[in-house]
Amino acid sequence: MRKYVIKMWRSSKGGQEYANIYNMSKKVFLSGVQPSGRPHIGNYFGAMKQFVDLQNEHEGYVFIADYHALHSLRNPKEMNENIKSVLLDYLAIGLDPEKVTFFKQSDISEHTELAWIFDTIITMPYLMRAHAFKDAQAKDKEIDVGTFNYPVLMAADILLYGPDLVPVGADQKQHVEIARDIAEKFNRTYGETFKLPDPMIMKDMAVVPGTDGRKMSKSYGNTIPLFAEREEIKKAVMSIVTDSGEGIPKNVYAIHKLFRSENELKKVYTEKAGKYKELKELLIADLEKFIAPLRERRKEFAKDIPRALSILKAGSEKAKKIAGQKMNEVRERVGVNVYKNSEK
Ligand code: ADP
Ligand code: TRP
């Protein structure tokens, strides 16, 4: 939590008088997003939207986790395009660079540096309990060290900036808990240095279902893209698997719930029970109404990529200062700073 001194004006009897000087505390949030291709509405409701909602009341840090993405994306051209694409996505959904520091992980070498220091204090059996590692192991995949160490880099991402909250989808909760464990262990070993962050999961939106009823995910090919063109929306909705109870197509309803209240929906779905085509058409119309303005804003930002990149660069410069200070403290703590008093 960072401290701010805010001057307040209080009105009294028709006039305004200068009131107390308050010491207000603004909470800090931080989150990262992998440049792994086009976002879908699951990413939006599960994670992205929260950043926009939080930015008015909080100090925010949102970054592009490009080094994390390297473990699955090894095409340099695609990486480069995806980074720019995710930048446009966030500007389009209304992330305000005046309120949120938007930066790129690979611009701040302190992230990987701190991850190394963390590597030296945590054990392999501990990291072997992480879901992502266990999943990869269960699939008999050849696991690269980056995948194994993924939560450690994520801990460094978080702890460098001392956030109060880390808004993420439910699948990332364990990673935030690992960051807390690492912070505790470092603090126990070297003295109080890192603040323990809390994950923040939006309850109703915890898992947005995809067109096949499983979790919506790029890797399942069951998504509705956040910036979809009208035809794409149509195609995705028409492909929704309609297994139903009493004429109510469960998967259509589950996605529809994101855009209308349950009361409203129950009425419509009861009236149109069994009429799958009509219900899908209604969902297409609701999706289009929601997506069209976002899609248009994104097109506007895409007209001036150098401007978008200058926003990112300025964000990285600001983040670098904060991360640099924290890293100096860490170097001091672990005892590698020999220069400090050397002039004396
Ligand atoms: P994907 O599974 O499509 O590859 P990512 O792993 O890139 O998505 O997730 C990016 C962010 O969006 C994470 O915070 C994640 O928890 C959230 N997220 C992804 N899919 C969903 C979903 N179906 N419902 C809610 N949140 C999601
Ligand atoms: N692992 C996150 C994801 O896949 C992205 C991420 C990287 C992140 N570092 C982070 C999220 C730090 C929150 C905080 O979505």
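Quick question: what am I supposed to make of unusual backbone geometry here?
The phi angle of most residues is negative, glycine excepted, and most peptide bonds adopt the trans form. At Asp 140, a residue that is not glycine, the phi angle is positive and equals roughly 60 degrees. You can call Asp 140 exposed: its relative accessible area is 74%.

When you look at the packing of aromatic side chains in this model, what are you seeing that I'm missing?
Each aromatic ring pair is characterised by the separation of its centres together with the angle its planes make. For the structure shown, the criterion picks out 17 aromatic pairs. Plain terms: the ring middles of Phe 133 and Phe 148 are 5.1 Å apart, the flat faces sit at 70 degrees to each other, and that makes the pair edge-to-face. With Phe 133 in helix α6 (residues 131-138) and Phe 148 in helix α7 (residues 145-159), this pair connects stretches of sequence that are 15 residues apart. Comparing Phe 133 with Phe 148, the two get one shared label, buried.

How do you make sense of the site of ligand 1 when you look at a structure like this?
Taken together, 17 residues lie near ligand 1, and His 40, Asp 171, Val 208, Ser 217 and Lys 218 sit nearest. At 3.3 Å from a nitrogen atom of ligand 1 is found a main-chain nitrogen or oxygen belonging to Gly 42. In the environment of ligand 1, an oxygen atom lies 3.2 Å from a nitrogen or oxygen atom belonging to the side chain of Asn 43. Isolated, ligand 1 exposes 530 Å² of accessible area, and the fraction of that covered by the protein chains is 85%. In terms of residue class, the shell around ligand 1 is built from 6 nonpolar, 8 polar and 3 charged.

Sorry if this is basic, but what is going on with the layout of surface pockets here?
It is a probe the size of a water molecule, rolled over the atoms, that shows where empty space is left. In this structure, the second largest pocket spans a volume of roughly 240 Å³. Lining the second largest pocket are 14 residues; nearest its centre among them are Tyr 67, Thr 112, Gly 146, Asn 149 and Leu 153. Within the residue set of the lining of the second largest pocket, elements represented by two or more residues are α2 (66-69), α4 (110-119) and α7. If one sorts the elements of the lining of the second largest pocket by residue count, α7 sits on top with 5 residues. Considered class by class, the residues forming the lining of the second largest pocket number 7 nonpolar, 5 polar and 2 charged.

So what exactly am I meant to see when it comes to the side chain of Asp 89 here?
With respect to the secondary-structure elements, Asp 89 resides in helix α3 (residues 76-92). A distance of 2.6 Å separates a polar atom in the side chain of Asp 89 from a polar atom in the side chain of Arg 298. Beyond its immediate chain neighbours, meaning those up to four positions away, Asp 89 contacts Pro 39, Met 48, Phe 227 and Arg 298.

I tried to follow the site of ligand 2 on my own but got confused; where do I start?
Near ligand 2, the surroundings consist of 14 residues, among which Gly 32, Gln 34, Tyr 150, Asp 157 and Gln 172 are the closest. At a separation of 2.7 Å, a nitrogen atom of ligand 2 approaches a polar side-chain atom of Asp 157. Starting from 370 Å² of accessible surface for ligand 2 in isolation, the protein chains cover 89%. The set of elements that each furnish at least two residues to the shell around ligand 2 consists of β3 (28-33) and α7. Tallying contributions element by element places α7 first for the shell around ligand 2, with 4 residues.

Explanation requested: the environment of Lys 26 in the structure shown.
The residue Lys 26 is located in strand β2 (residues 15-26) in this model. When the C-alpha positions of Lys 26 and Glu 59 are compared, they lie 6.5 Å apart, and in sequence the two are 33 residues distant.

Before we go on, may I ask you to explain the packing of α4 against α7 in this structure?
Helices that pack against each other are described as a pair by the angle of their axes relative to one another and the distance between those axes. Running from N to C, α4 and α7 cross one another at 120 degrees; their axes reach a closest spacing of 8 Å. As judged from the angle between their axes, α4 and α7 are oblique. For the pair α4 and α7, the sense of crossing is right-handed. Only Asn 149, Val 152, Leu 153, Ala 155, Ala 156, Asp 157 and Leu 159 of α7 make contact with α4, whose side of the interface consists of His 111, Thr 112, Leu 114, Ala 115, Phe 118 and Asp 119.

Help me understand the nonpolar core, please; the structure alone is not making it clear to me.
Burial of nonpolar side chains together is a common tendency in soluble globular proteins. If you look at the biggest cluster of nonpolar residues, it comprises 54 residues, and the most contacted ones within it are Ile 41, Tyr 90 and Leu 287. Excluding residues that lie within four positions of it along the chain, Leu 287 makes contacts with Ile 41, Ile 224, Ile 233, Val 237 and Phe 259.

Help me understand helix α11 (residues 262-271) in this model?
The periodicity of an α-helix, 3.6 residues per turn, causes residues three or four positions apart to be oriented the same way. Among all positions of α11, only Leu 265, Val 268 and Tyr 269 are buried. Buried residues of α11, viewed axially, fall in a sector of 95 degrees; they line one side. Those residues of α11 that are exposed and angled more than 90 degrees off the buried face are Asn 263, Lys 267, Thr 270 and Glu 271. Considering only its buried residues, α11 is in contact with β9 (248-249), α10 (250-256) and α12 (276-302).

Reading the values: the criteria
Residues numbered from 1 in each chain as written. Chains lettered and ligands numbered in written order. Predicted model: local features only at pLDDT ≥ 70, side-chain atom pairs only at ≥ 80, totals over all residues. Heavy atoms only, no water. Buried < 20%, exposed > 50% of the residue type's maximum accessible area, 1.4 Å probe, protein only. Phe/Tyr/Trp six-rings, centres within 6.5 Å; stacked < 30°, edge-to-face > 60°. Helix = DSSP H or I, 4+ residues; strand = E, 2+ residues; numbered from the N terminus. Near = heavy atom within 4 Å. Polar contact = N/O pair within 3.5 Å; in protein donor to acceptor, adjacent residues only side chain to side chain. Areas by Shrake-Rupley, 256 points an atom, 1.4 Å probe, with all protein chains shown as cover. Nonpolar A, V, L, I, M, F, W, Y, C, P; charged D, E, K, R; others polar. 1 Å grid on protein atoms, 1.4 Å probe; cavity = no way out; pocket = protein on both sides within 12 Å on 5 of 7 lines; lining within 4 Å. Points joined across faces, edges and corners; volume = space filled by probe spheres on them. Contact = heavy atoms within 4.5 Å. Axes fitted to C-alpha atoms, helices over the stretch in contact; angles between N-to-C directions. Parallel < 35°, antiparallel > 145°, perpendicular 65-115°, else oblique. Left-handed = near helix turned anticlockwise from the far one by under 90°. Core = buried A, V, L, I, M, F, W, Y, C linked by side-chain atoms within 4.5 Å. Arc of directions from axis to C-beta.

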